[in-house]
Amino acid sequence: MKRRLFFRKCGVITTTISLCPFENFAIELDGNKITPTKLSEGQYIVKNEIVRVDLNKADFLKSVNTAAKINYTLGKKKSKLKVLIIHSNSGYKAFENRCTHGGMELKYLTDTEELRCTSFGHSRFDLNGNVRKGPASKNLKILKLSQEDQSLIIYK
Ligand code: FES
């Protein structure tokens, strides 16, 4: 009974917070942490191990300080590949979206221009893939990327 009352009160608190006029302030405190948007098929195609992102269909990526991710399988062995694309002030970059510590995905921190692991370890990497903070000790794999008109082309 007490437990039920506790959860009922928590529900009220949660609702109050989400309706709170200072909600944006709370987001601000969280820093400018960009959770990559997962692209859907149609926004990109994979052919001959090359990923081509259509910027007209994934047009949010035309803005600076945005990030997208693509998870796809390749070949007969169905190897799973994860790509992270970020658009920073210095342009587009693509990474293997896998923390070198334990394989977790990454988020993009725009304030410090780094990538941060989503695990509790929170390894951090600069935009050249170099480790800034462990526990990861290996650098991130950067994927070759080029831009052609309204497409980003990413090589495995
Ligand atoms: S998986 Fe990234 S810090 Fe452990």
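Bear in mind that the values here come from a model prediction, so they are computed numbers and not experimental data.

Draft legend 1. Here's a closer look at the sheet that holds strand β14 (residues 151-155). Pairing is antiparallel across the open sheet formed by four strands, whose spatial order is β3-β4-β14-β13. The sheet is open, and its two edges are formed by β3 (44-47) and β13 (145-148), each paired on a single side. Along the sheet, successive strands turn relative to each other by an average axial angle of 20 degrees, direction set aside.

Draft legend 2. Expanded view of the pairing of strand β8 (residues 106-109). Judged by which residues are buried, β8 turns out to be one-sided: Leu-106 and Tyr-108 face inward and are buried, whereas Lys-107 and Leu-109, on the alternate face, are not. Summarising the sheet, strand β1 (residues 33-34) and β8 pair through two bridges and their orientation is antiparallel. Counted as the bridge partner of Lys-33 is Leu-109 from β8. When β8 meets strand β9 (residues 114-117), the two strands line up antiparallel, connected through four bridges. Bridge pairing in β9 links Tyr-108 to Leu-115.

What counts as what
- Residues numbered from 1 in each chain as written.
- Predicted model: local features only at pLDDT ≥ 70, side-chain atom pairs only at ≥ 80, totals over all residues.
- Pairing = 2+ DSSP bridges.
- Helix = DSSP H or I, 4+ residues; strand = E, 2+ residues; numbered from the N terminus.
- Axes fitted to C-alpha atoms, helices over the stretch in contact; angles between N-to-C directions.
- Buried ≥ 20, exposed ≤ 12 C-beta atoms within 10 Å, placed from the backbone.

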